[in-house]
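Spelled out from the first residue to the last, the chains are:
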Amino acid sequence: MSSIRELQERAYQQSADKGFHDNEPTEGRALLSLNAERIALMHSELSEALEELRVGNHVAATYYYTEKPEKPEGVPSEMADVVIRVLDFCGANGIDLESIITEKLDYNASRTPMHGGKKF
Ligand SMILES: [Mg+2]
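Residues numbered from 1 in each chain as written. Predicted model: local features only at pLDDT ≥ 70, side-chain atom pairs only at ≥ 80, totals over all residues. Heavy atoms only, no water.

The next point concerns the pairing of strand β2 (residues 68–73). Examined bridge by bridge, strand β1 (residues 63–65) and β2 share two bridges and lie antiparallel to one another. Looking across to β2, one finds that Tyr63 is bridged to Glu73. Linking two consecutive strands that pair antiparallel, namely β1 and β2, is a turn of two residues. (Pairing = 2+ DSSP bridges. Helix = DSSP H or I, 4+ residues; strand = E, 2+ residues; numbered from the N terminus.)

This paragraph deals with the nonpolar core. Side chains of a nonpolar character, in soluble globular proteins, are inclined to be buried together. Ranked by size, the top nonpolar core spans six residues in total: Ala11, Met42, Leu87, Phe89, Cys90 and Leu97. Sorting elements by how many residues they give to this core places helix α3 (residues 75–92) first, with three residues. Those residues in contact with Leu87, other than ones at most four positions away along the chain, are Ile4, Leu7, Gln8, Ala11 and Leu97. (Core = buried A, V, L, I, M, F, W, Y, C linked by side-chain atoms within 4.5 Å. Buried < 20%, exposed > 50% of the residue type's maximum accessible area, 1.4 Å probe, protein only. Contact = heavy atoms within 4.5 Å.)

Turning next to the coordination of the magnesium ion. Taken together, Glu45 (OE), Glu48 (OE), Glu78 (OE) and Asp81 (OD) make up the full set of protein donors to the magnesium ion, lying 2.2 Å away. Each donor residue of the magnesium ion lies on the same chain, and together they follow the pattern E-x2-E-x29-E-x2-D. Of this pair, Glu78 and Asp81 both sit in helix α3, three residues apart, which is roughly one turn of that helix. (Donors = N, O, S within 2.8 Å, 3.2 Å for Na, K, Ca; no water.)

This brings us to the environment of Leu53. Secondary-structure assignment places Leu53 in helix α2 (residues 28–54). When the C-alpha positions of Leu53 and Gly74 are compared, they lie 8.5 Å apart, and in sequence the two are 21 residues distant.

Let's shift gears to the pattern of salt bridges. It is possible for side chains bearing opposite charge to pair when their charged atoms get close. The final tally for this structure, using the stated rule, is six salt bridges. A salt bridge links Arg85 to Glu45; the nearest nitrogen and oxygen atoms lie 3.1 Å apart. Within this pair, whereas Arg85 is found in helix α3, its partner Glu45 is found in helix α2, the two being separated by 40 residues in sequence. For Glu45, a relative accessible area of 7% gives the class buried. One network of salt bridges, with partners in common, ties together Arg5, Asp96 and Glu98. (Salt bridge = Lys/Arg side-chain N within 4 Å of Asp/Glu carboxyl O.)

Put into structure tokens, the structure is as follows:
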């Protein structure tokens, strides 16, 4: 089993090895735009998950096309894509995701039931 920190390093390194972090900006408007694009791509993976449901695939089903049998498809695979993009984003921006997840879970545990009456 891998920790979130280990998965973050793997996701970032794999992305870097494939050239996705070559010559990227490190500051200013260009970095802001790059990060906005990365967040948009996280949204796109959620949209792909929604499309899987819309065409009638079971929420927990992983399937494979015969033309590309090594590539998992389905909602679980799209959820993995979302997390991988989040991990890569955090790796690229020096965010310790594992640490902030723990901090947020601790904070949420301290909140009132239904977070003070919210419906969802
Ligand atoms: Mg995808």
